[in-house]
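Here are the chains, one letter per residue:
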Amino acid sequence: MDPAQGLQGIYDLQINNGIVANVAPNIDTGGKNFINVHNLLVIPGLVDMHTHLREPGFEEKETVATAARAAAAGGYSSITAMPNTNPVMDSKTIVEHLTLLAMRAGLVRIWPVGAISKGSRGVELAEIEEMVRAGARAVTDDGRGVANDGLLREAMLYCKNLGIPLLEHCEDEALAGEGQMHEGQLAIRLGLPGIPAAAESAMLIRDLRLAAETGARLHVMHLSSSESVKIIRQAKADGVPVTAEVTPHHLLLTEEAVIDLDARAKMKPPLRSAADRQALCEGLRDGTIDIIATDHAPHTAAEKSRGFRDAPFGVVGLETAFPVLFTNLVRTGFLTLSSLVGKMSRNPAAILGIPHGGLAPGMAADLTIIDLKKEYILDSRIFHSRGKNTPFDGWRVYGRPVLTLVGGYPAEPFTKIFDEVLRTNGQLRNIST
């Protein structure tokens, strides 16, 4: 299945030197190494636009290498590196350092995202042009929105001239305050300060006006409210150059997930009401929301065990995203499989401007093989990520990624799993090491 080509069916896929050479029925396998993946699904490698790798500076939470393994285990062949590291990725030097760490880790492609402002403090612009020349594909101060109107406008003009998107975490900190969860009746019952949906929508309106004026490509990260969906829908109708993302946890969970003060369900923006969740799902289905991103944010078990008020915001998602979405949106008939795959591969690749997300001849052989029929239980104890902080732990799901290829080569965590799947399905493997 390749949504970029409108392709779905029984095909052979031929790879030569890491490049897709041909996709057609009944390719002659004479003299070629081959894998028989009958009854499995082959899709373009997934692309995540919102990944926190934590390194440098927070290696106890995650490293580039462990994040790469987690990505491969989740079917991702490309991920981003968000800039909220220590030091913040706000210069050419740090982008180059991250690129070196990614090369050492191998396994998957890692695309740096630089900071908008120096130190992500929202006071002075970072070295945006130099970072782009060093390989940054976008900029963001993720973790906080850019409060200074003039600074954001200047950044947008830079991004427009450089041809990159500006990724915005829309949150008015004056409105969010010390909030711990969605502002509503449940927050009152639990005695916790709430974060109103207006904290998101107020900054979103400002950002869209600046994007309309400058012509810059604005990408809105992790939408959480029904009001934000309405605002994005209208902005697109008005021709504003905006794209938007939603996370699996905002699509599938509500504020009720924190009723027992489980910090594994504490994130920013917070899980909101059932009506908000439904609006996000509808926005995803009708195209208002362009992509699904994980917002993979690993923390240590000790940090998440401090108690709800003191625990940091964030959940992991690389190893759970596809199965929880396939199980709960596709198997239920709400979303087509092609739409899900497109919003996790082709669309994010197009926004980032990277030549991936499809399986057309001539493209790099970045692909994922998935067993849609195998039921299994998500177990955070065996995650490749150092972060185990997921609200999906113990969920029964379908859609297990069993092999990820990047440039035609298998990503390390998969070889054993893939062999087991082939044996279980009674298939033969005939491929050189």
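Keep in mind the model is a prediction, meaning the values are calculated, not measured.

Parameters at a glance
- The numbering scheme is per chain: residues are counted from 1 as the chain's sequence reads.
- Totals for whole chains, interfaces and linings use all residues, but because this is a predicted model, local features are given only for residues with pLDDT of at least 70 and pairs of side-chain atoms are given and counted only at 80 or more.
- Working from all heavy atoms in the structure, the side-chain values ignore hydrogens and water.
- Every case where a carboxyl oxygen of Asp or Glu lies within 4 Å of a side-chain nitrogen of Lys or Arg is listed as a salt bridge.
- The numbering of helices and of strands both runs from the N terminus, where a helix is a DSSP run of H or I of at least 4 residues and a strand a run of E of at least 2.
- Summary of the burial criterion: residues with accessible area below 20% of their type's maximum are buried, those above 50% are exposed, and those between are partly exposed, where the area comes from a 1.4 Å probe applied to protein chains only.
- A positive count includes Lys and Arg, and a negative count includes Asp and Glu. His and the chain ends are not counted in either.
- What qualifies as a polar contact is a pair of N or O atoms within 3.5 Å, subject to a donor-acceptor requirement within protein and to the restriction that residues adjacent in sequence count only when both atoms come from side chains.
- Residues count as neighbours in contact if any of their non-hydrogen atoms are within 4.5 Å of one another.

Asker: What is the right way to read the pattern of salt bridges from this model?
Answerer: Should the charged atoms of two oppositely charged side chains come close, the side chains can pair. With the rule as written, the count across this model stands at 17 salt bridges. A salt bridge links Asp290 to Lys236; the nearest nitrogen and oxygen atoms lie 2.7 Å apart. Residue Asp290 is found in the loop between helix H10 (274-285) and strand E14 (291-292), and its partner Lys236 is found in helix H8 (residues 226-237); the two are separated by 54 residues along the sequence. Judged by relative accessible area, Asp290 falls into the buried class, the value being 16%.

Asker: Can you walk me through the side chain of Glu55 in this structure?
Answerer: Topologically, Glu55 is positioned in the loop between strand E5 (46-48) and helix H1 (64-73). Buried Glu55, no salt bridge; nearest opposite-charge side chain is Arg104, N-O distance 7.3 Å. A polar atom in the side chain of Glu55 sits 2.9 Å from the backbone nitrogen of Val64. Sequence-distant contacts of Glu55, that is, excluding residues within four places in its chain, are made with Glu62, Thr63, Val64, Thr85, Leu98 and Leu101.

Asker: What exactly am I supposed to notice about the environment of Gly145 here?
Answerer: Topologically, Gly145 is positioned in the loop between strand E8 (138-139) and helix H4 (149-162). Given the relative accessible area of 11%, Gly145 is considered buried. It is 7.9 Å that separates the C-alpha atoms of Gly145 and Glu173, two residues lying 28 residues apart in sequence. Once residues within four sequence positions are removed from consideration, Gly145 is found in contact with Glu168, His169, Glu171 and Met203.

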